[in-house]
Amino acid sequence: MKRLLTYLLLLPIYFYRNCISPFTPPSCRFTPTCSQYAIEALKKHGPFKGLWLAIRRILRCHPWGGSGYDPVP
């Protein structure tokens, strides 16, 4: 069940990376990118904690937020 939920959460991220992201300029403030961070967080921590980490990371991506190297804990 946990693997299925993780897979379902990864589908929109892969869609974004393959269909939407190529048409927008690179603008991520962090390394790895937010989408790569979300994929790593979901694979490493599972659907619940991984989703929480991904949402927190996306919410930090604003002009007054941080930048630089930010690995998945």
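In case you missed it, the structure is sitting above this.
Residues numbered from 1 in each chain as written. Predicted model: local features only at pLDDT ≥ 70, side-chain atom pairs only at ≥ 80, totals over all residues. Heavy atoms only, no water.

Side chains three or four residues apart in an α-helix point the same way, a direct result of the helix having 3.6 residues per turn. In this model helix α2 (residues 34-60) runs just 10 Å from its N-terminal to its C-terminal C-alpha over 27 residues, more than 12% under the 39 Å that 1.5 Å per residue would give. Bending of α2 peaks at approximately 140° at the position of Gly46, with proline Pro47 no more than four residues after it. (Helix = DSSP H or I, 4+ residues; strand = E, 2+ residues; numbered from the N terminus. Expected span 1.5 Å × (residues − 1). Bend = angle between axes of the 7 residues up to and from the residue.)

On to the environment of Pro73. Following the sequence through the fold, Pro73 ends up in the segment after β2 (68-69). Classification of Pro73 as exposed rests on a relative accessible area of 53%. Placed 63 residues apart in sequence, Pro73 and Leu10 show a C-alpha to C-alpha distance of 19 Å. (Buried < 20%, exposed > 50% of the residue type's maximum accessible area, 1.4 Å probe, protein only.)

Let's shift gears to the packing of helix α1 (residues 2-20) against α2. Close contact between α1 and α2 brings their axes to 9 Å; oriented N to C, the two are set at 160°. Between α1 and α2, the angle is such that the two are roughly antiparallel. For the pair α1 and α2, the sense of crossing is right-handed. When α1 is examined against α2, the residues Lys2, Leu5, Thr6, Leu9, Leu10, Ile13, Tyr14, Tyr16 and Arg17 are found in contact with a partner set consisting of Ser35, Gln36, Ala38, Ile39, Leu42, Lys43, Gly46, Pro47, Phe48 and Leu51. (Axes fitted to C-alpha atoms, helices over the stretch in contact; angles between N-to-C directions. Parallel < 35°, antiparallel > 145°, perpendicular 65-115°, else oblique. Left-handed = near helix turned anticlockwise from the far one by under 90°. Contact = heavy atoms within 4.5 Å.)

Glancing now at the packing of aromatic side chains. Counting across every chain of the model gives zero aromatic pairs. Above the plane of the ring of Tyr37 lies Arg57, whose end atom (NZ or CZ) is 4.5 Å from the centre. Taking the ring centre of Phe30 as reference, the NZ or CZ of Arg60 above it sits at 5.8 Å. (Phe/Tyr/Trp six-rings, centres within 6.5 Å; stacked < 30°, edge-to-face > 60°. Lys NZ or Arg CZ within 6 Å of the ring centre and 35° of its normal.)

Here the focus is the layout of surface pockets. Where empty space is left becomes clear once a probe the size of a water molecule has been rolled over the atoms. What the largest pocket holds in volume is close to 490 Å³. Around the largest pocket, the lining comprises 20 residues; the ones closest to its centre are Tyr16, Cys28, Thr33, Cys34 and Ser35. Elements supplying a minimum of two residues to the lining of the largest pocket: α1 and α2. It is α2 that contributes the most residues to the lining of the largest pocket, eight residues altogether. (1 Å grid on protein atoms, 1.4 Å probe; cavity = no way out; pocket = protein on both sides within 12 Å on 5 of 7 lines; lining within 4 Å. Points joined across faces, edges and corners; volume = space filled by probe spheres on them.)

Bringing the side chain of Asp70 into the picture now. Within the secondary structure, Asp70 is located in the segment after β2. Residue Asp70 is classed as buried on the basis of its relative accessible area of 15%. Among the polar contacts made by the side chain of Asp70, one reaches the side chain of Arg60 at a distance of 3.0 Å. Residues contacting Asp70, with those up to four places away along its chain left out, are Phe30, Thr31, Pro32, Tyr37, Arg57 and Arg60. (Polar contact = N/O pair within 3.5 Å; in protein donor to acceptor, adjacent residues only side chain to side chain.)

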